[in-house]
Every structure is written in structure tokens, then in C-alpha cells.
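# Architecture and fold: a report
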Amino acid sequence: MKVYENISLREYNTFGIDVRARRVVVIDADEPLPVLEEPFLILGAGSDVVFTRDYPGTVLLLNPDAADVVMQPDGTVVAPAGMVLDRLIQWTLERGVYGLENLSAIPGTVGASVVQNVGAYGVEAKDVVSRVEAYDLLERRPVAFSAEECRFGYRTSLFKSQPGRWFIRRVHYRLSHTYTPNLTYRALEALPHATAAELRQSITDLRWSKLPKPEEHGSAGSFFKNPVVDEAVYRRIKSEHPDMPEAHAAEGGYKLSAGWLIDRAGWKGRTMGRAGVWPKNALVLYNTGGCTGPEVVALAEAIQHDVQQQFGITLIPEAIIV
Ligand SMILES: Cc1cc2nc3c(=O)[nH]c(=O)nc-3n(C[C@H](O)[C@H](O)[C@H](O)COP(=O)(O)OP(=O)(O)OC[C@H]3O[C@@H](n4cnc5c(N)ncnc54)[C@H](O)[C@@H]3O)c2cc1C
């Protein structure tokens, strides 16, 4: 365990926001937790957080290099929470176990992938996670959850609903020794003969053609969730805007494209202060240089206001505002 006092978190969040933490404790997933008597925040790679002010307590940062990945004979892979998810995906493909390739190049750690139930290109964490080992910080004891007990939903889970209650240590993924590509996402339909490595490369390339690379422009990826509305709302907006993309039935309603709504509200490519809306993808808010958390929040609120006014729809942030 390493302890640092009063340090900048700029290198520890992909938005590149320069706030300070009173204390940062770097721990391995297996290490006993320090006694925490002040506010604390568990941080993976900081790719889904927006810091709006200095953090007054302890940031628990997971060591990305600690502990090994284990593969069981049935193809179950057990990975430490601090490991970078994309590194794990590379590891699995090198050993001939499949199922994670569509999640290639999503920034962040294994632990946070279950908090957010990350998803991309037709696959979500919930499709491959079989068990989560955690530490219950309230009852001070180790616990384990089956996939069902994780209560995964669209970019959410049990762990997101009670932040700070569980410290995720390890994630078990149910993978397969047989490669069966998931090409349900339209842009992948043309790749039926691609190997897993080629599919991974295509997805990585596609992703960075639409998103800002964290080393060039800070962001948290998609800032808002795609809103899920009932059929009457979908039909109303579709009749007023026939060019709106078809919505897919999902989560008990119809999932609309938040990016399209933001674009139509006139925000694509615009900036406010030092925060901007990514010109190639209106769902992404980014740091144009030296941006602060309150600037990101002000831009997000202006977008929410205009989308509400124009479409009667409330956009909910996917990113976590701290
Ligand atoms: C360019 C870009 C593209 C992205 N694309 C996608 C995408 O396609 N799909 C997608 O779903 N997401 C995407 N994201 C969002 C982000 O990558 C994911 O949410 C990712 O899971 C965050 O991982 P992290 O380690 O950075 O988590 P952090 O931002 O560090 O933390 C996220 C949350 O998880 C909690 N947490 C982290 N680790 C633990 C742990 N071990 N135990 C308990 N709680 C923990 C934190 O407290 C926090 O609440 C993108 C982000 C960026 C910057």
C-alpha cells in the first residue's frame, strides 16, 4: 500500500480535470483495506468520472499491475479488479478464450466494468460476468455475488446503486474456448470471416474514428445515457421528426439516440467555456484544454435544458459527477 497526501488527480481521470485529493491510497485488489474514517472514493482508471471540486477525503486507487489473471479449465477467467479491461481482453485472445472481444478498447478497469455494466458493439458486461468477489465495507466482510445478484441494467448494477458499499476485488468471466463472433451490431455485419483478433482490431478502429482519444482530448466517453421512453413518446417524437433514427425496443420501452437529440438541439461541435461537444459524436462532452468540472456540468445542464425544451425528454448522465 502506498499513501500520498494532497496530490493532483489530473493524471487519474480521463477528462484531465485538475483537482486535488486530500489523500490517495494505492492498493492491490487482495490487500486488506485501510480503516477509512473520512469520505472515500474507489477509483479505477477514472474514465467515467467528472471531478467538480477538490476531494476532501481518501481516494482508493487500485494498482493496475497487482495480482494475476487465472483461467479455469471450463474457460472461466478470474481477473483482478484493478486490471485494465482492454489488457484482459488481449490476454484472453492470446490464450484462445472468447467472449470479451466486442468490449475492446473501452477505457477503464475490470472492477468498474461491472459497476457500470459497460457495453459496446452488441455486448455488455452482464453477458459474460458470472461472479463478482467483493468486500462489504458496511459489514466489513468478504462477499460474492452471482451475475443475477449483481442486478445489471443499462449502464448500472447493484454496485452503482449503493456507491461506496462494496469494494470489488475480482471478476469472474464465463468465456468460451470456441470463437462465436457476435456481429449483431450493424457496422460489424460485414465481418463474418474475421478472426477474433481481426474483429478486435476493427472494433478498436471503429471506436477511435468516433471518439476522442483520451491522450489527445479528455472525456468520459458517452456523457449521457440513451433515454428509454414509452411507445407513445417515441411515436410522438417520430411523427414530429420523421428523420429520427428508428428506436429499438429495450429495457421495457424504446431506446432513443441521445446523440441525435443533442445534435438536433443544436449542440454538436459547440463549446461553452472550455468544455465542448465532440464534433463527430454529440453524445461525448470533452475538455478543449484546461477545463474544470463545473464547466462540464454547466455545458451538460445547458444541453439537458434544450433537449427537455425541444423534445420533452430528460437526459440522464452516464458519467459519475463527483
Ligand atoms: C473515450 C471513452 C470511451 C468510452 N466508451 C465506453 C463504451 O463504449 N461503453 C461503456 O460502457 N463505457 C464507455 N466509457 C466509460 C468508461 O470506460 C467505463 O465506464 C469504465 O468501466 C470506467 O472504468 P474506470 O476504471 O475508469 O472507472 P472509474 O471512472 O474509475 O470509476 C467508475 C465508477 O466505478 C467505481 N469503481 C471503480 N472501481 C471499483 C471497484 N473496484 N469496486 C467498487 N467500485 C469501483 C468508482 O467508484 C466509480 O463510481 C468510455 C470512456 C471513455 C473515456
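Residues numbered from 1 in each chain as written. Predicted model: local features only at pLDDT ≥ 70, side-chain atom pairs only at ≥ 80, totals over all residues. Heavy atoms only, no water.

## Focus on the pattern of salt bridges
In the structure shown here, the tally under the stated rule is 16 salt bridges. Linking Glu124 and Arg155 is a salt bridge whose minimum nitrogen-to-oxygen distance equals 3.2 Å. Note that Glu124 is positioned in strand β9 (residues 123–124) and Arg155 in the loop between β11 (141–146) and α3 (158–161), a separation of 31 residues in sequence. Each member of the pair, Glu124 as well as Arg155, is classed as buried. A salt bridge links Glu246 to Lys238, with the shortest nitrogen-to-oxygen separation between them at 3.6 Å. Overall, the relative accessible area of 17% leaves Lys238 in the buried class. In this structure, a network of salt bridges that share partners links the residues Glu124, Lys126, Asp127, Arg155 and Glu318. (Salt bridge = Lys/Arg side-chain N within 4 Å of Asp/Glu carboxyl O. Helix = DSSP H or I, 4+ residues; strand = E, 2+ residues; numbered from the N terminus. Buried < 20%, exposed > 50% of the residue type's maximum accessible area, 1.4 Å probe, protein only.)

## Here we look at the site of the ligand
Contacts to the ligand come from 36 residues, most closely from Ile42, Ser47, Pro107, Thr109 and Arg207. At 2.6 Å from an oxygen atom of the ligand is found a main-chain nitrogen or oxygen belonging to Pro107. Arg155 is positioned with one of its side-chain polar atoms (N or O) 3.2 Å from an oxygen atom of the ligand. Burial of the ligand by the surrounding chains reaches 94%, relative to a free accessible area of 980 Å². Listed by contribution, the elements that provide at least two residues to the shell around the ligand are β3 (40–43), α2 (110–115), β8 (119–120), β12 (166–174), α4 (196–210) and β13 (219–222). Tallied by class, residues from the shell around the ligand come to 21 nonpolar, 11 polar and four charged. (Near = heavy atom within 4 Å. Polar contact = N/O pair within 3.5 Å; in protein donor to acceptor, adjacent residues only side chain to side chain. Areas by Shrake-Rupley, 256 points an atom, 1.4 Å probe, with all protein chains shown as cover. Nonpolar A, V, L, I, M, F, W, Y, C, P; charged D, E, K, R; others polar.)

## Section: the domain arrangement of the protein chain
We note that the domain assignment places domain 1 (2–62), domain 2 (70–208) and domain 3 (212–321) within the protein chain. Averaged C-alpha coordinates put domain 1 and domain 3 at centres separated by 28 Å. With both chains or domains summed, domain 1 and domain 3 bury close to 1,100 Å², and 61% of this area falls on carbon and sulfur atoms. Where domain 1 touches domain 3, the interface holds zero salt bridges. The class makeup of the residues in the side of domain 1 that touches domain 3 is five nonpolar, four polar and one charged. (Domains from an automatic or database assignment. Buried area = accessible area lost by both parts, 1.4 Å probe.)

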